[in-house]
Amino acid sequence: MTQASQDDGGTVQLSKEAPATGRVDPSPSTTAGGAVVNPAPRGRSVPELAGLLVVLAALVVLFAVKSPYFLTTNNILNILSAIAVTGIIAVPATMLLVAGQVDLSVGSGAAFCGVLLATQVAPRGLGLAIVLAVVAGLAIGAVNGFFINVVGVNSLITTLGTLAVLRGLTQLLADGQTTIVTGFSALGTSRPFLSIPLSVIIFALIVAVGALCMRFTVFGRSLYAIGANPVAARLVGIRTRRVLIITFVLSGLAVAVSGLILTSQLSAASPVAATGLELTVVTAVVLGGASLSGGRGTVLGTVLGLVLIGVLNNGLVLLNVNSFWQDVARGTLLILAVSFDQLRQRFSAGS
Amino acid sequence: MPSLLELQSVRKGFAGVPVLHGVDLHIDQGEVLALLGENGAGKSTLVKIIAGDYTADDGAVLVEGEPVRQHDPVQARALGIRMIFQELNDAGPLTVAENISLGRWSARRGLVSWSSMRKRAEAALAQLGAEFDVSRTVESLRIGERQLVEIARALSDEARILILDEPTAALSSSEVDQLFRAMEQMRSRGVAMIYITHRLDEVTAIADRVQVLRDGVGVLDSAVSEVSRTQMVTAMIGREADGVTRPNAPEGLGPSMLEVHGLSSGALFDDVDLEVRAGEVVALYGKIGSGTAEVVEAAFGLHPITAGTMRLDGVDYRPDGPATAVDQGLGFLPADRKQSGLLAIRPVAENLAAPSWPRMSRGGFLGHKAERAAWSRWREALSIRSRDEPGQPIATLSGGNQQKVLLARWFERGSRVLLLVEPTRGVDVGARSDIYRTLRRFAEHESLAVLIATSDYEEVVQLADRVLVMARGRVVDHLTGAGVTSAALTSASGGDVA
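Conventions and cut-offs
Positions within a chain are numbered from 1, following the residues in the order the chain's sequence is written. Starting at A for chains and at 1 for ligands, labels are handed out in the order in which the entities are written. In keeping with the model being predicted, local features are shown solely for residues with a pLDDT of at least 70 and side-chain atom pairs are shown and tallied solely at 80 or more, while totals for entire chains, interfaces and linings include all residues. Where helices and strands are cited, they refer to DSSP runs of H or I of at least four residues and of E of at least two residues respectively, numbered from the N terminus. Burial in this document is a count-based property: other C-beta atoms within 10 Å of a residue's C-beta are tallied, and the residue is buried at 20 or more, exposed at 12 or fewer, or partly exposed in between, with C-beta positions derived from the backbone. C-beta atoms are placed from the backbone for every residue, and two residues are taken to be in contact when these atoms lie within 7 Å. With the radius of gyration taken over C-alpha atoms, the globule rule is written as 2.2 Å times the number of residues to the power 0.38. Paired strands, as defined in this entry, are two strands with at least two bridges between them according to DSSP. Each axis is a line fitted through C-alpha atoms, and for a helix only the stretch in contact is used; angles between axes span 0 to 180 degrees, taken between their N-to-C directions. Convention used here: angles under 35 degrees read as roughly parallel, angles over 145 as roughly antiparallel, angles from 65 to 115 as roughly perpendicular, and any remaining angle as oblique. Crossing chirality is assigned from the near helix's rotation relative to the far helix, an anticlockwise turn below a right angle marking it left-handed and a clockwise turn marking it right-handed. When residues are grouped by polarity, Ala, Val, Leu, Ile, Met, Phe, Trp, Tyr, Cys and Pro land in nonpolar, Asp, Glu, Lys and Arg in charged, and all others, Gly among them, in polar. Between the first and last residue of a helix there are one fewer steps than residues, each counted as 1.5 Å, and that sum is the expected span. Confidence of the predictor at the level of single residues is given by pLDDT, which spans 0 to 100.

**A few points about the overall build of chain A**
Argument step 1. When its secondary structure is counted, chain A shows 14 helices and two strands.
Argument step 2. Put simply, chain A has 351 residues, and 49% of those count as buried.
Argument step 3. Of the contacts formed within chain A by residues at least 6 apart in sequence, a portion of 75% connects residues at least 24 apart.

Below is the structure:
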């Protein structure tokens, strides 16, 4: 369905003799070249990321020149810990988008888990509250997975629905108030190793596991197959429903972890926390080269996308730009990223 | 008198790779010219030049003896050149009448006149000898009817030269008959038609003249009455074709691998019995809609079973989906390669290895080495024509080579029973006989049990040891050994499916 017929009989025939389909010169600076006649072997996902690296390098140079504080260790750690909360969710979001699915409920899910923790600490104690929050995250993923893969509702619509439902439930649960949490700051603020924040370490671990999983496990490879053609994937014996439900549950788990870290960082849970987080997550994943039509994308690319967004936000703050411009910049970045994806696909299909 | 349309030594290349090396073509009023050639021979490029989509690098296009200076889509339209594509190009949710007037609505003072639109549509369909309610939506029609609507659109738009690109690929035989009647009508009105096909029986049935392209060169141009099928095939593939010969009877069949008793699935098929033994190729032959594909799909767990039983290698078998069927040693090739077979953008090695991932992995972990090795091995064993590059997307291979990869999937997986639906649809003649040879060889040497569903009787004759003929969801006849002939198959499949 998402896989519109990009190559009809004609292109297939020609490509047997014509030199290339979708091959872009692997050197980063020459992506704009018109006719591509270089028969070098296809470099895996390098071309998509090349553009990103160039933009990132340009921003880093710009901000470093404008602000002496930008390249300090402290600021770099700031950027990383700002990325961590989003990034933990962006890893399973990459898996989902590679499989042709999207989860928009991540922001309100994270707020829900945070508020659930905050409101349950007093009556049930911290340990049980954490367990409840994690179970809630898993349940959110399971519900999304159920409606999308068993009932058959499109993932965009399902998670748009759960986005609204969860935000409403969060407000009800919190009674519209921010709840203070005491004695739960370690997760978000401790720096156990080389003064690197714990949240960044957790993020790095999840990235490593996610990247290995996508490239070197049957589960990860199945996601690419499902994204490329869900019907064909099912016919080669992949249990597509099971794989997708598991991935949505993983997304729910990441949402819970993120919600807990966020609450811990602020020592408080606000019912409007993480509003719009889904936008940042999708932007990062798409910037990182994942295709909206499925079958393409890497965790490493997503990390680059996250770093780009983090650097942009941080730099704009350092340059004292009105913070509303951050939204403008992020939205623009998303549209640019998707346009780039479209152009690349058209370029690939048309050569 | 000059021809209606003439091409003189047309050359065309893409990115420096020549596709057409000086091709001549001419066609007169009321003539049906069959254009034959394997995939990649240059047929599509040639007709796209005629339709003005491509500009020839060299050579001339003449209409009624006058050279056309700037041949582009607008010019081609003005000259009355229309093309009917293999894939439908209609607007599904709109009515037949609207589709026939698409882009040329009859309007008065800016308002669409529905009555004149209906009249125009009815008149155009009547010219084709077709009758159906023009107020129905096009998506509610059968595929053959939709094709007639497209032809009616071309006709009502004053087509003088009509190009039909494999129009019968998805049609049942009664629909093919209807299409041919419509073509006869147009021929009698003086419309010239260029007909691209893979099926030789259609050439003899409808065409006046046949032209064969091979590797961008015209290699045969003759009246259909003066050329034999063997000559046509030889011209297409450039060597003597294996004639339509029966395979040798297998020696010493193995045990029964797949047994089906009284199998029914709702309205799809009813009370089917069949058995496939190890080393044997069994065909289910019938027109599209007769239930052959559905029986094979049901054996792979794709349709609910409402009655009857199946046994696999002597053990009760009832798959609840493709995953269990694959686990139990079945392999499946769907009819529609692009929609349900290919992971088009993924590497060819991955396409080949996907069903074998569980076996290639250790504790869920999977390297790329085993998969690349499998690709190299099968590329050689099945002479798959492509670069030795496991990372190339499978979409860059030609249809026949893609199909070989999809078959190799199951050889690599070690499947014991192969279920194949229309295994050579859209596959050119050369690759087709390769696929037949491969299937016969594997059935014999690897003791595979092969069950195919097909609507192509030549395929049955060349490939199958035994045939079950189906019509209207039931098995109506059995043919074995020397009894499997085109004539017997055609008569056994009998009346048409409503």
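**Structural notes on the overall build of chain B**
Argument step 1. Check the secondary structure of chain B and you find 18 helices and 22 strands.
Argument step 2. What you see for chain B is a C-alpha radius of gyration of 24 Å, in line with the 23 Å of a compact globule of 498 residues.
Argument step 3. Along the longest, intermediate and shortest principal axes, the C-alpha atoms of chain B span 70 × 50 × 45 Å.
Argument step 4. Buried residues in chain B amount to 50% of all 498 residues.

**Here's the deal with the sheet that holds strand S16 (residues 307-312) of chain B**
Residue and element names in this part refer to chain B.
Argument step 1. Taken in spatial order, the four strands of this open sheet run S14-S13-S16-S17, and their pairing is antiparallel. In this open sheet, the two edge strands, each paired with only one partner strand, are strand S14 (269-277) and strand S17 (315-316).
Argument step 2. Pairing of strand S13 (residues 256-265) with S14, which is carried by six bridges, proceeds in the antiparallel orientation. Pairing of Val 260 across the sheet is with Leu 274, part of S14.
Argument step 3. Contacts between helix H9 (residues 292-299) and the sheet are confined to S13, S14 and S16, with S13 contributing the most and set at about 115° to the helix.

**Some details on the packing of helix H5 (residues 143-156) of chain B against helix H6 (residues 173-188) of chain B**
All names here are of chain B.
Argument step 1. Two elements in contact, H5 and H6, have axes whose closest approach is 10 Å; the angle formed by their N-to-C orientations is 10°. With respect to each other, H5 and H6 are oriented roughly parallel. Pair H5 / H6 crosses with right-handed handedness. Residues Gly 144, Gln 147, Leu 148, Ile 151 and Leu 155 of H5 form the contact with H6, whose participating residues are Glu 175, Gln 178, Leu 179, Ala 182 and Met 186.
Argument step 2. Here the contact of H5 with H6 is built from residues that sort into six nonpolar, three polar and one charged.

**Some remarks on the sheet that holds strand S12 (residues 217-223) of chain B**
All names here are of chain B.
Argument step 1. The strand order S6-S9-S10-S3-S11-S12 describes an open sheet built from six strands, whose pairing is mixed. The two strands at the open ends of the sheet, each matched to only one other strand, are strand S6 (81-84) and S12. With direction set aside, neighbouring strand axes in the sheet form an average angle of 20°.
Argument step 2. Pairing analysis gives six bridges linking strand S11 (residues 209-214) to S12, with the strands arranged antiparallel.

**Quick notes on the packing of helix H9 (residues 218-228) of chain A against helix H11 (residues 240-266) of chain A**
Each pair of packed helices can be summarised by the angle the axes make with each other and by the distance between the axes.
Residue and element names in this part refer to chain A.
Argument step 1. At a closest axis distance of 10 Å, the pairing of H9 and H11 adopts a crossing angle of 110°. Judged by the inter-axis angle, H9 sits roughly perpendicular to H11. For the pair H9 and H11, contact is made by Phe 219, Ser 222, Leu 223 and Ile 226 and by Thr 240, Val 243, Leu 244 and Thr 247, respectively.
Argument step 2. Here the contact of H9 with H11 is composed, by residue class, of five nonpolar, three polar and no charged.

**Remarks on H5 of chain B**
All names here are of chain B.
Argument step 1. End to end, H5 covers 20 Å across 14 residues, agreeing with the expected 20 Å (1.5 Å per residue, within 8%).
Argument step 2. Most of H5 is tucked away: eleven of the 14 residues are buried.
Argument step 3. Among all positions of H5, only Gly 144, Arg 146, Gln 147, Leu 148, Val 149, Glu 150, Ile 151, Ala 152, Arg 153, Ala 154 and Leu 155 are buried.
Argument step 4. Buried residues along H5 sit against S6, helix H3 (96-100), helix H4 (114-127), strand S9 (161-165) and H6.
Argument step 5. A positive backbone phi angle near 55° is found at Glu 158, which sits one or two residues after H5.

**Looking at the environment of Gln 402 of chain B**
All names here are of chain B.
Argument step 1. With respect to the secondary-structure elements, Gln 402 resides in helix H15 (residues 399-413).
Argument step 2. A count of 26 C-beta atoms within 10 Å places Gln 402 in the buried class.
Argument step 3. With 18 residues separating them along the chain, Gln 402 and Ile 384 place their C-alpha atoms 8.4 Å apart.
Argument step 4. Ignoring any residue separated from it by four or fewer positions in sequence, one finds Gln 402 in contact with Arg 337, Leu 342, Ile 394 and Leu 397.

**Topic: the pairing of strand S3 (residues 32-36) of chain B**
All names here are of chain B.
Argument step 1. Counting buried residues in S3 gives five out of five residues, a clear majority hidden from the surface.
Argument step 2. Neither face of S3 is left uncovered, since the one carrying Val 32, Ala 34 and Leu 36 and the one carrying Leu 33 and Leu 35 both have all their residues buried.
Argument step 3. Here S3 runs beside strand S10 (residues 192-196); their pairing, made up of four bridges, is parallel. Note that in S10 the partner of Leu 33 across the bridge is Ile 194.
Argument step 4. Across four bridges, the pairing between S3 and S11 is parallel. In the strand pairing of S11, Leu 35 is matched with Gln 211.

**Topic: the pairing of S10 of chain B**
The side chains of a regular strand alternate between the sheet's two faces.
Argument step 1. In terms of burial, S10 of chain B is a largely internal element, five of the five residues being buried.
Argument step 2. Judged by which residues are buried, S10 of chain B turns out to be covered on both faces: Ala 192, Ile 194 and Ile 196 of chain B on one side and Met 193 and Tyr 195 of chain B on the other are all buried.

**Let's talk about unusual backbone geometry**
Residues and elements named next belong to chain B.
Argument step 1. We note that Asp 313 has phi near 50°; this positive angle belongs to a residue other than glycine.
Argument step 2. Along the chain, Asp 313 turns up in the loop between S16 and S17.
Argument step 3. Looking at Asp 313, the number of C-beta atoms within 10 Å reads 16, which means it is partly exposed.
Argument step 4. With a phi angle near 55°, Ser 447 is a residue other than glycine that sits in the positive phi range.
Argument step 5. Here Ser 447 is to be found in the loop between helix H16 (429-445) and strand S20 (449-454).
Argument step 6. The partly exposed category is assigned to Ser 447, around which 17 C-beta atoms lie within 10 Å.

**A closer look at the environment of Leu 156 of chain A**
Residues and elements named next belong to chain A.
Argument step 1. Note on placement: Leu 156 falls in helix H6 (residues 155-174).
Argument step 2. Measuring from C-alpha to C-alpha, the distance between Leu 156 and Val 102 comes to 6.0 Å, with 54 residues separating the pair along the chain.
Argument step 3. Leaving out residues up to four positions away in the same chain, Leu 156 has contacts with Val 102 and Leu 104.

**Things to note about the confidence of the model for chain B**
Residue and element names in this part refer to chain B.
Argument step 1. Taken over all residues, the pLDDT of chain B has a mean of 85, while the share at 70 or more is 95%.
Argument step 2. Mean pLDDT in chain B bottoms out at strand S7 (residues 107-108), which sits at 68, and peaks at strand S18 (residues 330-333), which reaches 96.
Argument step 3. Here the predicted complex carries an ipTM of 0.78, next to a pTM of 0.76.

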